[in-house]
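# Structural overview for review
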Amino acid sequence: MKESVAEEHLYLGFSHQDKDSIFPLHTSISLFLLSYCDCKLFKVFLVPTGENVDDQFMTKNLLGDLEAHVISRCQLPVVVQSCCLPAVVVKDGKFCRAGLSVVLRHIIQKTYEADPSRKDVLELLGFKKTCLKACAEVSQWTRLCEISIPRAVEGFLTASPEDCQAVPPHILQLERKLGEPVRVHNDDKIRRQKLQQQKAGAKAAVPVLGKEATEEGRTVEMHEHPLPSLELSVAFSKLLVQEVPDAVNRESPCIRRTKTSDLPLLDHVFAEGLYFTLTDVVLLPCIHQFLVIVSSKKKGKILVNLPLISSWYQRVQEVPGVKKAAGKCNMEFLQLPELMSAPEEQPQDLSSVPDELEEENEDSNFIGGPRPTMTKLMENGIEAKFSPHPCPSWTIDWANLPPAVSPGEGKMSRDRALRKQQQLNNLVAAVTKLAKPGDVIVDFCSGGGHVGIVLAHMMPLCQVVLIENKELSLFRAKDRSDELGLNNIWFIQANLDYFNGTFNIGVALHACGVATDMVIEHCIKAGAAFVISPCCYGFIQNTVKFKYPQSHQFKEILSYKEHMILCRFADQTAVQLPPERRLIGKQCMGLVDLDRAQAAEEHNYSVQVISMEPESCSPKNNMLVGIPT
């Protein structure tokens, strides 16, 4: 165990307690992970959302052996006050991590760094350590686990008796996901073993956590399972750090010759497939609380619709350390057979449960490149138009700035560093015209901080906030900031939805795809001006939050698929392409951004679409400047 670990403060919300769970469920999930990891590296603070909360009751009756302190929201560090909880910040620091997945991943990493023998904890991050790393704004799976299911359970708790007759759609969506074939890295060998087992007619269950097994002094209960024995054997062998057993000795020649497409698919053991991961840790307190509510409201008959979730719930309890962690959190697992007492109930047809994002079916026969769409817009009086650049020759005096301010200090070529400086000239010029002393400027999708660090250095009377979900990028930005001795800059590792602070100007350089629209949405909600350079138009697509086209005028003329044609061709601006093709790409960029501008103007903004100077600074050289009117 490493001795010197910087103290970090973990802030968790608290609204109320129901049965053996703390709400919001994000807090129960965080506390369960701390118990599972046996992690005491964080000083824990509970932040009540209401008044007159009994501190002693909260800290003793709800948290087991975990010490926690109760503080009001106004006592939070200022940087944390701008974020949704849970959040972690280094004591007296300006580096904050916010949002459930980011905080949970950080707890896992800190536990492993402090005790490298806890490889079981590190394995929670899954293959390539990417479990729940994709942000909920773009990943339907992360959104389902991190946001939709916790909210569904919290809503079910307060629902009227009439609304409790059916399983919430997001719970049913999880049930359907558990029934889908498992896709894991390099699963070819396991699938061949499964085929050999099937051909050999192996019907006896492979012992899984058999009569008694001990790991690190912990006794593990053993059970038989109706699920395929090979998947269970692989899953639990990994948990017990055992060699994965071969299903039937050596593969026969016919098995080796079988095409991969003809191999049997693998069934779920845990939420993401064969292995126990952070996703299971997130879902367990949620599903447990759902079952508690079902039990208390005597609605056990609805569980007939959830056979896979019910099996998963029982199986997760057998994972080494889970029952111990649950005991610390006062979580008493339920016996499901006692709840399921209505054999006459007919299971619900899961095919009728929609995903959060359904495929568009309109205009399925639409054919053509961008010209028919562009012509259609022209016939309705819409063409790409660019406002004149307000200060085309303005430039930062790079030669007289400290080296750490320049993007050239990073690992980029001289030519690329020059182009990056030219891009920064454009954004900083626009922000300089808008900013005044005391303003808060947020650099969204900040990456390594190229924009934010220049702004913080050049505008010492403004507070600059860098928001980025990639930890390593923020580390690089903070190193540069520390070298410069900047005192007016904060760093927040979070997805955009977890930032809820007030600010005056939002800026983003090459926000990818839908991220541009997310930044604009944040600025509109805050009543803030924005200076944004979009990127990756081809990645734009309908999401839970955004539907395209966005503006009323474009919606009346274009279908979703016609708008997607513009987006795809807007990416055709690379310098190696023929000039005519690049020109069409630039016009498509202008039309996509015109739709964005008009959508913002519907919210009482004045928006200009401007080309950066020189245009050669980037193939994605559009800049949107929006000011609330």
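Throughout this document, residue positions are counted from 1 along each chain, in the order its sequence is written. Predicted model: local features are reported for residues with pLDDT of at least 70 only, side-chain atom pairs are reported and counted for 80 or more only, and whole-chain, interface and lining totals are derived from all residues. The side-chain numbers reported here are obtained from all heavy atoms of the structure, hydrogens and water having been left aside.

## What about the overall build of the protein?
Summing up its helical and strand segments, the protein has 22 helices and 16 strands in all. With a 1.4 Å probe rolled over the protein chains alone, any residue whose accessible area is under 20% of its type maximum counts as buried; one over 50% counts as exposed, and the rest are partly exposed. In the protein, which comprises 629 residues, the proportion classed as buried is 54%. Contact criterion: two residues are considered in contact whenever any of their non-hydrogen atoms come within 4.5 Å of each other. Of the contacts formed within the protein by residues at least 6 apart in sequence, a portion of 74% connects residues at least 24 apart. Computed by Shrake-Rupley with a 1.4 Å probe, the accessible areas treat only the displayed protein chains as cover when residues are assessed. When the accessible surface of the protein is split by element, carbon and sulfur atoms take 50% of a total near 28,900 Å². Strands are runs of DSSP state E lasting at least 2 residues, helices are runs of H or I lasting at least 4, and numbering of each runs from the N terminus.

## A look at unusual backbone geometry
Following Tyr-548, the chain continues into Pro-549 via a peptide bond in cis, with omega recorded as -10°. Its place among the elements puts Pro-549 in the loop between strand E14 (529–535) and helix H20 (552–557). The linkage connecting Glu-613 with the following residue, Pro-614, adopts the cis geometry, with an omega of -10°. Take Pro-614: it is sitting in the loop between strand E15 (605–611) and strand E16 (622–628). For Leu-132, which is not a glycine, the phi torsion comes out positive at approximately 55°. One can find Leu-132 in the loop between helix H5 (119–122) and helix H6 (140–158). Its relative accessible area of 6% is what places Leu-132 among the buried residues.

## As for the environment of Gln-109
Tracing the backbone through its elements, the reader meets Gln-109 in helix H4 (residues 100–114). A C-alpha to C-alpha distance of 9.0 Å links Gln-109 and Leu-125, two positions 16 residues apart in sequence. With near-sequence residues (within four places) excluded, Gln-109 lies in contact with Leu-125 and Glu-471.

## Some remarks on helix H11 (residues 278–296)
Helix length check: H11, at 19 residues, gives a terminal C-alpha distance of 28 Å against a target of 27 Å (1.5 Å per residue), a fit within 8%. A residue's bend is simply the angle between two axes: one fitted to the seven residues ending at it, one to the seven starting at it. At Leu-284, H11 shows its strongest bend, of approximately 30°, with the proline Pro-285 following within four residues. Across the 19 residues of H11, 17 count as buried, placing the element largely inside the fold. Once H11 finishes, Lys-298 follows within two positions and takes phi at roughly 55°, a positive value. The length a helix should cover is 1.5 Å for every residue beyond the first.

## Regarding the nonpolar core
Here, the term nonpolar core denotes a set of buried Ala, Val, Leu, Ile, Met, Phe, Trp, Tyr and Cys residues that are joined through side-chain atoms within 4.5 Å. Among the nonpolar cores identified, the biggest contains 140 residues, and Phe-290, Trp-312 and Phe-444 are the most heavily contacted of them. Ranked by residue count, the leading element in this core is H11, at 11 residues. If near-sequence neighbours (up to four positions away) are discounted, Phe-290 is found in contact with Val-153, Phe-156, Val-167, Pro-168, Ile-171, Ile-302, Leu-303 and Leu-306. Listed in part, the 37 residues of the second largest apolar core include Phe-95, Ala-529, Ile-610 and Met-623.

## Observations concerning the packing of helix H15 (residues 370–379) against helix H22 (residues 579–601)
For helices, the axis comes from a line fit to the C-alpha atoms of the stretch in contact; other axes are also lines fit to C-alpha atoms, and the angle between any two N-to-C directions lies between 0 and 180 degrees. Contact geometry for H15 and H22: axes closest at 11 Å, N-to-C directions at 45°. Comparing their axes, H22 and H15 come out oblique. At the point where H15 passes H22, the crossing takes the left-handed sense. Seen from H15, the contacting residues are Pro-370, Arg-371, Met-374 and Leu-377; seen from H22, they are Glu-580, Ile-584, Gln-587, Cys-588 and Leu-591. Charged means Asp, Glu, Lys or Arg here, nonpolar means Ala, Val, Leu, Ile, Met, Phe, Trp, Tyr, Cys or Pro, and polar covers whatever is left, Gly included. Of the residues contributing to the contact of H15 with H22, the split by class is six nonpolar, one polar and two charged. Any angle that is under 35 degrees is reported as roughly parallel, and any over 145 degrees as roughly antiparallel; angles of 65 to 115 degrees are reported as roughly perpendicular and all others as oblique. Rotating anticlockwise by less than a right angle from the far helix to the near helix defines a left-handed crossing, while the corresponding clockwise rotation defines a right-handed one.

## Details of the pattern of salt bridges
Any Lys or Arg side-chain nitrogen found within 4 Å of a carboxyl oxygen on Asp or Glu counts as a salt bridge. This structure, assessed with the given rule, holds 14 salt bridges. In this structure, Lys-110 and Glu-8 form a salt bridge, with 3.3 Å as the shortest nitrogen-oxygen distance. On the criterion of sequence distance, the pair formed by Lys-110 in helix H4 and Glu-8 in strand E1 (residues 8–14) is long-range, its members being 102 residues apart. Taken as a pair, Lys-110 and Glu-8 share a single burial class, namely buried. In this structure, the salt-bridge partner of Arg-596 is Asp-517, at a minimum N-O distance of 2.9 Å. Taken together, the residues Arg-596 in helix H22 and Asp-517 in helix H19 (residues 515–526) connect sequence positions 79 residues apart. We classify Arg-596 as buried; its relative accessible area is 3%.

## A look at the packing of aromatic side chains
By convention here, two paired aromatic rings are described through the distance between centres and the angle between planes. A pair of Phe, Tyr and Trp rings is counted when the ring centres sit within 6.5 Å of each other, with Trp represented by its six-membered ring. The angle between the planes then sorts it: under 30 degrees is stacked, over 60 is edge-to-face, the rest tilted. If you walk through the whole model with that rule in mind, you get 11 aromatic pairs. When the ring of Phe-499 is compared with that of Phe-503, the centres are 6.0 Å apart and the planes differ by 50°; the resulting orientation is tilted. With a relative accessible area of 4%, Phe-499 lands in the buried category. Taking the relative accessible area as the measure of exposure, Phe-503 reaches 5% and is therefore buried. Chaining the aromatic ring pairs together yields one cluster made of Tyr-36, Phe-270 and Phe-276.

## Quick notes on the side chain of Thr-111
One can find Thr-111 in helix H4. For the purposes of these results, a polar contact is taken to be a pair of N or O atoms within 3.5 Å, where, inside protein, one atom must be able to donate a hydrogen and its partner to accept one; residues adjacent in sequence count only when each atom of the pair is a side-chain atom. From its side chain, Thr-111 meets the backbone oxygen of Ile-107 in a polar contact 2.8 Å long. Those residues in contact with Thr-111 that sit more than four places away from it in its chain are Cys-37, Cys-39, Leu-41 and Val-121.

## Notes on the confidence of the model for the protein
Scored between 0 and 100, pLDDT is the confidence that the predictor attaches to each residue. Of all residues in the protein, 78% have pLDDT values of 70 or greater, and the mean over the chain is 84. No element of the protein has a lower mean pLDDT than strand E9 (residues 218–220), at 40, and none a higher one than strand E10 (residues 440–444), at 98. Low confidence marks residues 202–228, where pLDDT is under 50. Its contacts with residues over four positions away, or in another chain, come to 47 contacts. A low-confidence stretch, residues 357–366 stays under pLDDT 50, and its non-local contacts, those more than four residues away or across chains, total 15 contacts.

## A few points about the sheet that holds E15
Strand order in the open sheet formed by 12 strands is E5-E4-E1-E6-E7-E12-E11-E10-E13-E14-E16-E15, and the pairing between neighbours is mixed. The strands lining the two open edges of the sheet, one partner per strand, are strand E5 (68–70) and E15. Neighbour to neighbour, the strand axes of the sheet diverge by 20° on average, direction disregarded. Pairing between strands is defined by DSSP: at least two bridges between the two strands are required. Inspection of the sheet shows E10 paired to strand E11 (residues 463–468) by five bridges, in the parallel sense. For Asp-443, the partnering residue across the bridge sits in E11 and is Leu-466. H4 rests against E1, strand E4 (42–48), strand E6 (87–90), strand E7 (95–98) and strand E12 (489–493) of the sheet, and its axis sits at about 115° to E7. Strand contacts of helix H17 (residues 450–458): E10, E11, E12 and strand E13 (505–512), with the helix running at about 170° to E11, the strand carrying the most contacts.

## Description of the environment of Leu-624
Relative to the assigned elements, Leu-624 resides in strand E16. In the structure, Leu-624 is positioned 90 residues away from Pro-534 in sequence and 8.0 Å away in space, judged by C-alpha atoms. Apart from the residues within four sequence positions on either side, Leu-624 is in contact with Phe-530, Val-531, Ile-532, Pro-534, Asp-593, Arg-596, Ala-597, Val-607, Gln-608 and Val-609.

## Focus on H4
Its 15 residues give H4 an end-to-end C-alpha distance of 21 Å, which sits within 8% of 21 Å, the value for a rise of 1.5 Å per residue. Judged by how many residues are buried, H4 sits mostly within the fold: 12 of 15 residues are covered. Among all positions of H4, only Leu-100, Ser-101, Val-102, Val-103, Leu-104, Arg-105, His-106, Ile-107, Ile-108, Lys-110, Thr-111 and Ala-114 are buried.

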